[in-house]
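One-letter residues, chain by chain:
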Amino acid sequence: MSDLRELYQEVILDHYRSPRNFGHHQPSNREAKGNNPLCGDKFTVYALVEDGMVKDISFEGRGCAISTASASLMTELLKGQTEQNAQAMFERFRGVVTGEQDQRLDDGLDKLNVLAGVRGYPMRVKCATLAWHTLKAALNQTDETVVTE
Ligand code: ZN
């Protein structure tokens, strides 16, 4: 188990040090801001949605290793999905990290198991889900800043 944990930590640190899809990609037609004041994570998430497809996702801001790695992984996994799939993936990820769903992530979401270690640490769950809540707000075109409290 500790080998696995080390591997997970390496993946998280890799995404933290070189986050994917970082910086505002143009064009985009959806955006939302997210703020996790308990930790100091602050992101803006941008998306390009056309014909029900999430064609591009990018993000800007500053956050801890968990929130940044989660945002980076999210952009990789949800890019190219239908809006409906993206929402479903959000629900599954949220369910697993909050412990509401007791199962491992698979079907293309297995990469996210590196973040499942936050389960049981409510503060870390907020870090891990911040970018996801923010993307959801962007897709739903909610104009309010997402705050994790
Ligand atoms: Zn954080």
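Rules behind the numbers
Numbering of residues starts from 1 in every chain and runs along the sequence as written. Where totals are concerned, whole chains, interfaces and linings use all residues; where local detail is concerned, this predicted model gives features only for residues with pLDDT of at least 70, and gives and counts side-chain atom pairs only at 80 or more. Excluding hydrogens and water, the side-chain values take into account all heavy atoms of the structure. Secondary structure is summarised from DSSP: a helix means a run of H or I of at least four residues, a strand means a run of E of at least two, and numbering begins at the N terminus for each. To estimate how far a helix should extend, the number of its residues minus one is multiplied by 1.5 Å. The reported bend at a residue is simply the angle between two axes, fitted to the 7 residues ending at it and to the 7 residues beginning with it. Each metal site lists N, O and S donors within 2.8 Å (3.2 Å for Na, K and Ca). With water left out of the atoms, a site can look as if it is missing ligands. Partly exposed residues are those whose accessible area sits between 20% and 50% of the maximum for their type, while under 20% is buried and over 50% is exposed, using a 1.4 Å probe and protein chains only. Strand pairing is assigned whenever DSSP detects at least two bridges linking the two strands. Contact definition: two residues touch when any of their heavy atoms are within 4.5 Å. Axes here mean lines fitted to C-alpha atoms, for a helix over just the part in contact, with angles spanning 0 to 180 degrees between N-to-C directions. Here a cavity means grid points, on a 1 Å grid over the protein atoms only, where a 1.4 Å probe fits yet cannot get out; a pocket means an open set of points with protein on both sides within 12 Å along at least five of seven lines; lining residues are those with an atom within 4 Å of a point. Grid points are joined across faces, edges and corners, and a volume is the space filled by probe spheres set on the points.

Draft legend 1. Structural detail: helix 4 (residues 122–139). An ideal rise of 1.5 Å per residue puts 26 Å on 18 residues; helix 4 measures up with 25 Å between its terminal C-alpha atoms. A maximum bend of about 45° is found in helix 4 at Thr 129. Count one or two residues on from helix 4 and you reach Gln 141, which has phi positive near 55°.

Draft legend 2. Representation of the coordination of the zinc ion in the model. Ligation of the zinc ion by protein atoms is provided by Cys 39 (SG), Asp 41 (OD), Asp 41 (OD), Cys 64 (SG) and Cys 127 (SG), these donors lying 2.2 to 2.7 Å from the ion. Motif for the zinc ion, donor spacing along one chain: C-x1-D-x22-C-x62-C. Remark: Cys 64 occurs in the loop between strand 3 (53–62) and helix 2 (65–78) and Asp 41 occurs in strand 2 (residues 41–50); sequence separation between them is 23 residues. Each member of the pair, Asp 41 as well as Cys 64, carries the same accessibility label: buried.

Draft legend 3. Broad picture of the sheet that holds strand 2. Spatially, 3-2-1-4 is the arrangement adopted by the four strands of the open sheet, whose pairing is mixed. Each edge of the open sheet is held by one strand with a lone partner, namely strand 3 and strand 4 (146–147). As paired strands, strand 1 (residues 30–36) and strand 2 are joined by seven bridges and run antiparallel to one another. Residue Arg 30 lies in a different strand from strand 2, and its bridge partner there is Ala 47. Strands in contact with helix 4 are strand 1, strand 2, strand 3 and strand 4; relative to strand 1, the strand with the most contacts, it is inclined by about 150°.

Draft legend 4. The layout of surface pockets, seen in detail. Looking at the largest pocket, its volume works out to about 550 Å³. Forming the boundary of the largest pocket are 21 residues, of which Arg 5, Tyr 8, Val 114, Gly 117 and Val 118 lie nearest the centre. Mapped by element, the contributors of at least two residues to the lining of the largest pocket are helix 1 (2–17) and helix 2. The element that contributes the greatest number of residues to the lining of the largest pocket is helix 1, accounting for six residues.

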